[in-house]
Amino acid sequence: MQHALTLAEKAAERGEVPVGAVLIKEDALIAEGWNQPIKQHDPAAHAEIMALRVAGQRLQNYRLPQTTLYVTLEPCVMCAGAMLHARIQRLVFGAYDPKTGAVGSVFDVFSDQRHNHRIEVCGGVLAIPCADTLRQFFRVRRKKGR
C-alpha cells in the first residue's frame, strides 16, 4: 500500500486526483497505475484500470487470477466491475469513499450473489494517510479556485 501511496502522489503532481494502484502476484509486482483521466482524455483511466491494463499485457491474459490489487481509495462501480471481469483474487484498499465507493460504502458490487466470481476484500489499510493525501489535494485545489 505504501507504494500505491507513492503513485497517488505522482498523480497529484500531474494534477490528477491522487489515487494509486499496485497489482501483486506471488509477492512480485506485476503492474502499477495512477489516475490519468485528465492526461489521457479517458474517463476510464482510473488507477485500478491502468494497473489492470498493464497486467493484462504483461501476462498476456485479461484474466488475472491469484493476484492482489492494492489501491489507495475504495473503487468505484466501473473499477469494481473490471476487477470482477479480470478475476483478481483479492482487493486491499485504503480510504473509504462515502460518495462513490462500490465495495461497501455506497454500493457493494462484490456481494451480489449473481456474480460467478468472488473477490476477497480488505478495506481501511493505511486509511488515514490515504485519506489525507486526497484531502490535501482537494484543499489545495479549492484554494486555487478549480
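Above this note sits the structure.
Definitions and cut-offs
- Residues numbered from 1 in each chain as written.
- Predicted model: local features only at pLDDT ≥ 70, side-chain atom pairs only at ≥ 80, totals over all residues.
- Heavy atoms only, no water.
- Helix = DSSP H or I, 4+ residues; strand = E, 2+ residues; numbered from the N terminus.
- Buried < 20%, exposed > 50% of the residue type's maximum accessible area, 1.4 Å probe, protein only.
- Salt bridge = Lys/Arg side-chain N within 4 Å of Asp/Glu carboxyl O.
- Pairing = 2+ DSSP bridges.
- Axes fitted to C-alpha atoms, helices over the stretch in contact; angles between N-to-C directions.
- Contact = heavy atoms within 4.5 Å.
- Right-handed = clockwise from strand over helix to strand, strands pointing away.
- Phe/Tyr/Trp six-rings, centres within 6.5 Å; stacked < 30°, edge-to-face > 60°.
- Parallel < 35°, antiparallel > 145°, perpendicular 65-115°, else oblique.
- Nonpolar A, V, L, I, M, F, W, Y, C, P; charged D, E, K, R; others polar.

Student: How would you sum up the environment of Phe 138? Please name residues and give values.
Tutor: If you trace the backbone, Phe 138 turns up in helix H5 (residues 127-144). What makes Phe 138 partly exposed here is its relative accessible area of 31%. A C-alpha to C-alpha distance of 8.3 Å links Phe 138 and Val 17, two positions 121 residues apart in sequence.

Student: Outline the pattern of salt bridges, listing residues and values.
Tutor: Pairing is possible between side chains of opposite charge, provided their charged atoms come close. Considering all chains together, one arrives at four salt bridges under this definition. One salt bridge in this structure joins Arg 53 and Asp 42, with 3.3 Å as the shortest N-O distance. Of the two residues, Arg 53 sits in helix H3 (residues 47-59) while Asp 42 sits in the loop between helix H2 (37-40) and H3, which places them 11 residues apart along the sequence. With a shortest N-O distance of 2.9 Å, Asp 132 and Arg 135 are connected by a salt bridge. Remark: Arg 135 and Asp 132 occur in helix H5; sequence separation between them is three residues, near one turn of the helix.

Student: I'd love a proper account of the sheet that holds strand E5 (residues 120-123), names of residues and values included.
Tutor: The strand order across the open sheet formed by five strands is E2-E1-E3-E4-E5, and the pairing between neighbours is mixed. If you trace the sheet from one side to the other, it starts and ends with strand E2 (28-34) and E5, each paired once. On average, each strand axis in the sheet is tilted by 15° relative to the strand beside it, whichever way the strands run. Sheet topology places strand E1 (residues 20-25) next to strand E3 (residues 67-73); five bridges connect them, and they run antiparallel. From the neighbouring strand, Lys 25 faces E3, where its bridge partner is Thr 67. Sitting on the sheet, helix H1 (residues 2-13) touches E1, E2 and E3, and the angle it makes with E1 is about 145°.

Student: Let's hear about the pairing of E3: which residues, and what values?
Tutor: Most of E3 is tucked away: six of the seven residues are buried. A crossover links E3 with its parallel partner strand E4 (residues 90-95), the connecting element being helix H4 (residues 77-86), and its sense is right-handed.

Student: Could you give an account of the packing of aromatic side chains, naming the residues involved and the relevant values?
Tutor: Scanning the model with the defined rule gives two aromatic pairs in all. Residues Phe 93 and Tyr 96 carry aromatic rings whose centres are separated by 4.9 Å and whose planes lie at 80° to one another, so their mutual orientation is edge-to-face. Overall, Tyr 96 belongs to the partly exposed group, its relative accessible area being 47%. Geometrically, the ring pair formed by Phe 137 and Phe 138 is edge-to-face, given 5.1 Å between the ring centres and 80° between the ring planes. For Phe 137, a relative accessible area of 13% puts it in the buried group.

Student: Give a detailed account of the packing of H1 against H5, specifying residues and quantitative values.
Tutor: For the pair H1 and H5, the least separation of the axes is 11 Å and the interaxial angle reads 5°. On the basis of their axis angle, the class for H1 and H5 is roughly parallel. In contact with Leu 5, Ala 8 and Ala 12 of H1, H5 contributes Pro 129, Cys 130, Thr 133 and Phe 137. Classifying every residue of the contact of H1 with H5 gives six nonpolar, one polar and no charged.

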